[in-house]
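Each chain, written out:
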Amino acid sequence: ASTPTHRARGRGGEAPTTVVGVILHLPSLRREDNGREVTCVASNTNLTNAQSHTISIQMYLPPLEVSVEGVEEPLRAGVEAGILCRTSGSTPPAQLTWNITGSAALTTLPAQSSLDQNTTIRRGRLLPSPDDHGRTLTCT
């Protein structure tokens, strides 16, 4: 932690005050530090009460797992397939998008998050045509 200090002029004849600020560097945070609280305590002398302020560390974390379900077998033209994209471990919950470039064969439903906000799923329906042969279906 570094401690920059500066003096401020007193108002209306008051004595000048010294302002001390602290910059805290946390270079190696881990996933388990998300939500951890950090408290800064400032004290002067035994004649005054210490002041403190607590903050919570909030981190953006990518998903730990991503899976696509419902396409285990080869798809067939004219036969609808239900598909599902599932992610877990991200903060905030992942925003999922289904895509198959150049095709109208895909219908998607709104994404859903679990109650604990740890898992997000997005379902879709795919009705491939012969023109879709060789195209890539992605969930991002």
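So, how was this worked out
- Residues numbered from 1 in each chain as written.
- Predicted model: local features only at pLDDT ≥ 70, side-chain atom pairs only at ≥ 80, totals over all residues.
- Heavy atoms only, no water.
- Helix = DSSP H or I, 4+ residues; strand = E, 2+ residues; numbered from the N terminus.
- Contact = heavy atoms within 4.5 Å.
- Disulfide = S-S within 2.5 Å.
- Salt bridge = Lys/Arg side-chain N within 4 Å of Asp/Glu carboxyl O.
- Buried < 20%, exposed > 50% of the residue type's maximum accessible area, 1.4 Å probe, protein only.

K.L.:
Just to check I follow, could you spell out the side chain of Ser88 for this structure?
P.N.:
Its location among the elements puts Ser88 in strand 6 (residues 81–88). Beyond its immediate sequence surroundings of up to four residues, Ser88 is in contact with Pro63, Leu64, Glu65, Asn118 and Thr119.

K.L.:
Help me understand the state of the cysteines in this model?
P.N.:
By definition, a disulfide links the sulfur atoms of two cysteines through a covalent bond. By the definition in use, this model includes one disulfide. Covalently, Cys85 is tied to Cys139 through a disulfide, its sulfur atoms 1.9 Å apart. On the sign convention where negative is left-handed, the bridge of Cys85 and Cys139, at about -90° about the S-S bond, is left-handed. With a gap of 54 residues between them, Cys85 in strand 6 and Cys139 in strand 11 (residues 137–139) connect regions that are remote in the sequence.

K.L.:
Explain the pattern of salt bridges to me, please; I cannot follow it from the model alone.
P.N.:
Opposite charge on two side chains lets them pair, provided their charged atoms get close. Throughout the structure, instances matching the rule amount to four salt bridges. The partner of Arg30 in a salt bridge is Glu32, and the shortest N-O contact between them spans 2.7 Å. Of the charged contacts, one joins Glu69 and Arg86 as a salt bridge, the two residues approaching to 3.1 Å between their closest N and O atoms. With Glu69 in strand 5 (residues 65–69) and Arg86 in strand 6, this pair connects stretches of sequence that are 17 residues apart. Note on Glu69: relative accessible area 28%, which makes it partly exposed.

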